Amino acid sequence: MSEPLRARKRADLLSLSGVATIGVAAGALLAAALRPFALEILGVGLVVHAVGMAARHRLDRQAGPLPGIWQSIYVFCWIAIATLLVLGAWRLFGGVR
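Residues numbered from 1 in each chain as written. Predicted model: local features only at pLDDT ≥ 70, side-chain atom pairs only at ≥ 80, totals over all residues. Heavy atoms only, no water.

Q: Hey, could you run me through the overall build of the protein chain in this one?
A: Looking only at helices and strands, the protein chain has 4 helices and 0 strands in total. Helices (α) and strands (β) of the protein chain occur, in sequence order from the N terminus, as α-α-α-α. A compact globule built from 97 residues would reach a C-alpha radius of gyration of about 13 Å, whereas the protein chain, at 17 Å, exceeds it by more than 25%. Along the longest, intermediate and shortest principal axes, the C-alpha atoms of the protein chain span 50 × 30 × 15 Å. Here the protein chain holds 97 residues, and the buried ones make up 13% of them. Per element, the accessible surface of the protein chain, about 7,700 Å² overall, is 74% carbon and sulfur. Between the centroid of the 10 positive side chains of the protein chain and the centroid of its 4 negative side chains there is a distance of 5 Å. (Helix = DSSP H or I, 4+ residues; strand = E, 2+ residues; numbered from the N terminus. Rg over C-alpha atoms; globule rule 2.2 N^0.38 Å. Buried < 20%, exposed > 50% of the residue type's maximum accessible area, 1.4 Å probe, protein only. Areas by Shrake-Rupley, 256 points an atom, 1.4 Å probe, with all protein chains shown as cover. Lys, Arg positive; Asp, Glu negative; His and termini not counted. Charge placed at Lys NZ, Arg CZ, Asp CG, Glu CD.)

Right, dumping it as structure tokens:
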């Protein structure tokens, strides 16, 4: 991997870490106000993540075959997303009260 690509990846990771920290802080500050919308916010986050993950997977596959561990990580992530969406829908539409 070239040094400019490594530098971009490090900058992306640093930027993402900052955004995640801001998100945690905003969640802490707005916890009571956002609590009624928690499942909807979670759903939006899962859908946005899934779209980004699908795009990244497509780009990775265009670059060449993926190592087996990466395939396993993608499968595990899709299973986790589907599980959270099903549990959220079940709770939202009459499951656990």
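Q: Even after reading the chapter, I still don't get a nonpolar patch on the surface, so can you show me in this structure?
A: Residues L29, L30, L34, F37 and I41 make up a contiguous nonpolar surface patch of about 500 Å² in total accessible area. Mapped onto the elements of the fold, L34 is located in helix α2 (residues 31-34). (Patch = residues over 30% accessible without salt bridge, like charges linked within 9 Å, V, L, I, M, F, W, Y side chains within 5 Å. Salt bridge = Lys/Arg side-chain N within 4 Å of Asp/Glu carboxyl O.)

Q: Help me out: how do you make sense of the side chain of H57 in this one?
A: Relative to the helices and strands, H57 resides in helix α3 (residues 38-63). A relative accessible area of 17% places H57 in the buried class. With sequence-adjacent residues up to four places away left out, H57 is seen in contact with L66, Q71 and Y74. (Contact = heavy atoms within 4.5 Å.)

Q: Looking at this model, I keep getting lost on α3. Mind explaining?
A: A turn of α-helix holds 3.6 residues, and therefore any two residues three or four places apart point the same way. Counted at 1.5 Å a residue, the expected span for α3 with its 26 residues is 38 Å, and the 37 Å between its end C-alpha atoms agrees. Burial in α3 covers these residues: G43, L46, A50, M53, H57 and D60. Looking at the packing, one finds that the buried side of α3 touches α4 (68-92). Following α3 by one or two positions, G64 has its phi on the positive side, about 140°. (Expected span 1.5 Å × (residues − 1).)

Q: Help me out: how do you make sense of the pattern of salt bridges in this one?
A: Oppositely charged side chains can pair when the atoms bearing their charge come close. Taken as a whole and assessed by the stated rule, the structure comprises 2 salt bridges. We note a salt bridge from D60 to R56, for which the minimum N-O separation is 2.9 Å. Here the residue D60 and the residue R56 both occupy positions in helix α3, the gap between them amounting to 4 residues, near one helical turn.

Q: Teacher, can you tell me more about the confidence of the model for the protein chain here?
A: Interpreting fine coordinate detail is not advised for predicted regions of low pLDDT. Overall, the prediction assigns the protein chain a mean pLDDT of 84, with 97% of residues at 70 or greater. By mean pLDDT, the top-scoring element of the protein chain is α2 (89), and the lowest-scoring one is α3 (82). (pLDDT = per-residue confidence, 0-100.)

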